[in-house]
Amino acid sequence: MENRILGLHHITAIAGNAKENFDFYTKVLGLRMVKKTVNFDDPGTYHFYFGDEVGTPGSILTFFPWEGIGQGYTGTGMATNIGYSVPEGSLGFWAERFKQFNVRHEDTLERFGEQILPFQDPDGLKLDLIVPSDSDNRKPWVTSEVNEQVATKGFHSITLTLKNIKATATILTDIFGYKLLKQEGDTYRFITDAIKNAAVVDLIEAPNTPPGRGAAGTNHHVAFRVKDDNMLMEYREKIAVKGLSITPKIDRDYFFSLYFREPGGVLFELATDNPGFTRDEPVDQLGSRLKLPKQYEGSRAEIEKVLPRLD
Ligand code: ZN
């Protein structure tokens, strides 16, 4: 298992307002903020990480809240739906909670034999709560309002919408080790057996759908999980020999990364388990302080002044 792609590592999306984003994910959805830092390429912007207690790979949703970026829209060449795994019997609780907090949501539906509750975050980002057909034993983060019987357990899946799925499917099967599980309409479900959860990628083939626009309410990239730096560099080689252009290894402080654009247009990242979110904060304090990479520590006062307030 250790020399394979281990499902999803994290998903990164774009928000328009930092406080709204923070409130929605920590309060309404009940995730833990496991790291509050800045965009390493744009330190006047936050980078939020929401996940389970320790930010286990496969549970991490991250955001760049770019104030004033404007509304994006989904289309082809993008990740278009984030699926969270939730316990059986929890969808009624969530539908009620979404009503209470005026969260845009749809009626429960069924796809690939699983019950799904589609909803949107304040920026219109599309997410699904999914009761998986296989049991999910991951331990959720719980809050005073979202208990263990209903709390999200991390990702179930990511959905990519593509003009044509063929080249992307080949990356998943030939490099990442996924297999086509089944097809329902224009949706093709790929899964890896290298890991039990966050193991699904759904590809929607939509030849007549125009490309999306990446801004608030859309996904920025999808990161797949590898065990460590050695595995990361092995995959770098496997991707490069297919003729795809891929970045060098980048230190993201909490993991090491490579980025490449897959042929369908979606930005993919490979990210390591090491060193993890506890490298600069103990577990019980994760996300409580603004953490800056060392190149910005000297500018902390100026950075804290320009970042929006969250309280
Ligand atoms: Zn990333």
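Criteria and thresholds
Residues numbered from 1 in each chain as written. Predicted model: local features only at pLDDT ≥ 70, side-chain atom pairs only at ≥ 80, totals over all residues. Heavy atoms only, no water. Core = buried A, V, L, I, M, F, W, Y, C linked by side-chain atoms within 4.5 Å. Buried < 20%, exposed > 50% of the residue type's maximum accessible area, 1.4 Å probe, protein only. Helix = DSSP H or I, 4+ residues; strand = E, 2+ residues; numbered from the N terminus. Contact = heavy atoms within 4.5 Å. Donors = N, O, S within 2.8 Å, 3.2 Å for Na, K, Ca; no water. Pairing = 2+ DSSP bridges. Axes fitted to C-alpha atoms, helices over the stretch in contact; angles between N-to-C directions. Phe/Tyr/Trp six-rings, centres within 6.5 Å; stacked < 30°, edge-to-face > 60°. Lys NZ or Arg CZ within 6 Å of the ring centre and 35° of its normal. Polar contact = N/O pair within 3.5 Å; in protein donor to acceptor, adjacent residues only side chain to side chain.

**Q** What's the story with the nonpolar core in this structure? I'm lost.
**A** Generally speaking, a soluble globular protein has its nonpolar side chains buried in company with each other. Counting 74 residues, the largest nonpolar core has Y25, L160, F176 and F224 as the members making the most contacts within it. By residue number, the principal contributor to this core is helix α1 (residues 18-28), which donates five residues. In this view, Y25 contacts G30, L31, F50, L61, F63, D121, L125 and L127; residues no more than four positions away in its chain are not counted. Formed by nine residues, the second largest nonpolar core is a distinct cluster that contains V34, I60, A223 and F255.

**Q** Help me understand the coordination of the zinc ion, please; the structure alone is not making it clear to me.
**A** Each donor-metal-donor angle would ideally measure 109.5 degrees in four-coordinate tetrahedral geometry, or 90 or 180 degrees in six-coordinate octahedral geometry. On the protein side, the zinc ion has H10 (NE2), H221 (NE2) and E269 (OE) as donor atoms, found 2.0 Å from it. Residue E269 is classed as buried on the basis of its relative accessible area of 1%.

**Q** Help me understand the sheet that holds strand β2 (residues 32-39) in this model?
**A** Hydrogen bonds along the backbone pair up the strands of a sheet, which may run parallel or antiparallel. With mixed pairing, eight strands are arranged side by side in an open sheet as β2-β3-β4-β1-β13-β16-β15-β14. The open sheet has two edge strands, β2 and β14 (250-251), and neither has a second partner. Where strand β1 (residues 8-15) and strand β13 (residues 219-226) come together, five bridges link them in antiparallel fashion. By the bridge assignment, I11 is partnered in β13 with V222. Packing of α1 onto the sheet brings it into contact with β1, β2, β3 (42-51) and β4 (60-65), and relative to β3 it is tilted by some 10°.

**Q** What's the story with the packing of aromatic side chains in this structure? I'm lost.
**A** How two aromatic rings sit relative to each other is set out by the distance from centre to centre and by the angle between their planes. Scanning all chains against the criterion turns up 23 aromatic pairs. Their ring planes at 35° and their centres at 5.1 Å tell us that F64 and W66 sit as a pair that is tilted. Taking the relative accessible area as the measure of exposure, F64 reaches 8% and is therefore buried. What links up through ring pairs into an aromatic cluster is the set F22, F24, Y25, Y46, F48, F50, F63, F93, W94, F98 and F119. Lying across the ring of Y235, K238 places its NZ or CZ 4.3 Å from the centre. The side chain of K249 reaches across the aromatic face of F256, ending 4.8 Å from its centre.

**Q** It is not clear to me how α1 should be interpreted in this structure. Could you clarify?
**A** Working note: α-helix, 3.6 residues per turn, so residues spaced by three or four point in the same direction. Where burial is concerned, most of α1 is hidden: eight out of the 11 residues are buried. Listing the buried residues of α1 in full gives A18, N21, F22, D23, F24, Y25, T26 and V28. You can read the cap of α1 off the contacts: a side-chain oxygen lies 3.2 Å from the backbone nitrogen of K19, and it is on N17. Just downstream of α1 lies G30, where phi reads positive at about 75°.

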